[in-house]
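As a plain string of letters, each chain reads:
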Amino acid sequence: DQNSCSKDFPVTIIAKSSPIRFDIAKTLPTDCVAGNGSIVVNNTRGGQGNYVYRISSQTTASGNNSFSNLQNGSYYITVTDNLCAYTEAVNLELPNSINATYTINPISCQIPTANLSIDNITGGNGGYSLAIDGSNFSANRTFNNLAPNTYAVTIQDNPLSCKSVVSVEIKE
């Protein structure tokens, strides 16, 4: 590439198939604190079959195409077969909820991880705390050494009136 980087990959030639695609059914949470939203992946098609499903707020994929107990916010759904993956953003954001912008210090050949900075947070009562794992909240707005993947940062205010999830995709 333009940075004089190269990488060798093994190649297996497989008969052409159509790309993975799917439909989404979603239910918004009832309010800004309730974790009762849901996303269901329907009509998965294309690819090689044997699909596994992952939402950005979970670290592993499984054969389960339904995700429940979701907070207000944005999520990435990834469907993978044994060869390909397709990722789609799904919005479960309620009006007047917490919103945030972010910056990603990108991955390069020399540095295979990225740093994520949550820049501007608006809405709620202020006094924000954040967690990239959904449970260990702190005032820290920077998350370092993230490998390529999708991540879900949960932001809550204090006193608690709202929780929002901001999903981020870090690409190689």
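Structural notes, computed from the coordinates. Everything numeric in this text was worked out from a predicted model, so none of it was measured.

### Some remarks on the nonpolar core
- Judged by nonpolar contacts, the single largest core of 18 residues is most densely connected at Ile 118 and Ile 155.
- Those elements that provide at least two residues to this core are strand E8 (114-122), strand E10 (142-146), strand E11 (149-156) and strand E12 (163-170).
- Counting residues per element, this core draws most heavily on E8, at four residues.
- Each residue touching Ile 155, except ones within four places of it in the same chain, is listed here: Ile 98, Ala 100, Ile 118, Ile 121, Tyr 128, Ser 129, Leu 130, Cys 162, Lys 163, Ser 164 and Val 166.
- Ile 55, Val 79, Val 90 and Val 165 belong to the second-largest nonpolar core, a separate cluster that totals 15 residues.

### Regarding the environment of Asn 65
- Inspection of the secondary structure assignment puts Asn 65 in the loop between strand E3 (52-55) and strand E4 (66-70).
- Each C-alpha atom, one on Asn 65 and one on Tyr 53, is 5.8 Å from the other, the two residues being twelve residues apart in sequence.
- The contact partners of Asn 65, leaving out residues within four places of it in the chain, are Ile 39, Val 40, Val 41 and Tyr 53.
- Polar side-chain contacts of Asn 65 include one of 2.6 Å to the backbone oxygen of Val 41.

Reading guide: rules and limits
- Residues numbered from 1 in each chain as written.
- Predicted model: local features only at pLDDT ≥ 70, side-chain atom pairs only at ≥ 80, totals over all residues.
- Heavy atoms only, no water.
- Core = buried A, V, L, I, M, F, W, Y, C linked by side-chain atoms within 4.5 Å.
- Buried < 20%, exposed > 50% of the residue type's maximum accessible area, 1.4 Å probe, protein only.
- Helix = DSSP H or I, 4+ residues; strand = E, 2+ residues; numbered from the N terminus.
- Contact = heavy atoms within 4.5 Å.
- Polar contact = N/O pair within 3.5 Å; in protein donor to acceptor, adjacent residues only side chain to side chain.

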